[in-house]
Amino acid sequence: MVTNRGLTRRDRIEGWKSIAGALGQSVRTVQRWHLRGMPVYRNPNTGHVWAYLGELVRWRDDPGLRGGPSPSGGGAL
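For clarity, every value in this text was computed on a predicted model and none was experimentally measured.

Parameters at a glance
- Residues numbered from 1 in each chain as written.
- Predicted model: local features only at pLDDT ≥ 70, side-chain atom pairs only at ≥ 80, totals over all residues.
- Heavy atoms only, no water.
- Helix = DSSP H or I, 4+ residues; strand = E, 2+ residues; numbered from the N terminus.
- Buried < 20%, exposed > 50% of the residue type's maximum accessible area, 1.4 Å probe, protein only.
- Contact = heavy atoms within 4.5 Å.
- Areas by Shrake-Rupley, 256 points an atom, 1.4 Å probe, with all protein chains shown as cover.
- pLDDT = per-residue confidence, 0-100.
- Phe/Tyr/Trp six-rings, centres within 6.5 Å; stacked < 30°, edge-to-face > 60°.
- Lys NZ or Arg CZ within 6 Å of the ring centre and 35° of its normal.
- Arc of directions from axis to C-beta.

Right, let's get into the overall build of the protein chain. In terms of regular secondary structure, the protein chain is built from 4 helices and 3 strands. Beginning at the N terminus, the succession of helices and strands in the protein chain can be written as β-α-α-β-β-α-α. Per-residue burial for the protein chain yields a buried fraction of 32% across its 77 residues. Contacts in the protein chain between residues at least 24 apart in sequence constitute 46% of all its contacts with a sequence separation of at least 6. Approximately 4,800 Å² of the protein chain is accessible, and the part contributed by carbon and sulfur atoms is 53%.

It is worth spelling out the confidence of the model for the protein chain at this point. Per-residue confidence for the protein chain gives a mean pLDDT of 82; residues scoring 70 or more make up 70%. Looking across the protein chain, the model is least confident in helix α4 (residues 63-66), with a mean pLDDT of 69, and most confident in strand β3 (residues 49-52), with 97.

Okay, the packing of aromatic side chains next. Given two aromatic rings, their pairing is described by the distance between the two centres and the angle made by the two planes. Tallied over the entire structure, the rule returns 3 aromatic pairs. Judged by centre distance (5.8 Å) and plane angle (65°), the ring pair of Tyr-41 and Tyr-52 falls under edge-to-face. Taken as a pair, Tyr-41 in strand β2 (residues 41-42) and Tyr-52 in strand β3 lie far apart in primary sequence, 11 residues in all. Under the relative-accessibility criterion, Tyr-52 is labelled buried at 8%. These aromatic residues form a ring-pair network of at least three members: Tyr-41, Trp-50 and Tyr-52. Its end group placed over the ring of Trp-50, Arg-12 keeps NZ or CZ at 4.3 Å from the ring centre.

The next point concerns helix α2 (residues 27-35). Of all the positions in α2, only Thr-29, Val-30 and Trp-33 are classed as buried. In a view along the axis of α2, the buried residues occupy a sector of 95°, so they form one face of it. Turning to α2, the residues buried within the fold contact α1 (16-23) and α3 (53-61). With its phi angle positive at about 115°, Gly-37 sits one or two positions after the end of α2.

Laid out in structure tokens, this is it:
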């Protein structure tokens, strides 16, 4: 299935633990990064969160999207 952004379900990462694992960071760190603009989506009815790997990589690698210097730890995807 392809979403309206051209990303497939295979690119979708479900839940904070999986997002943190993909970025090589702790859950708390990625939650803070989300507050700084990291693209994470939330279902308003259930609170379930997900992100798309390609968007996370672009956010991590582009200081303009982050609004500041590189997040500490760098972490490989």
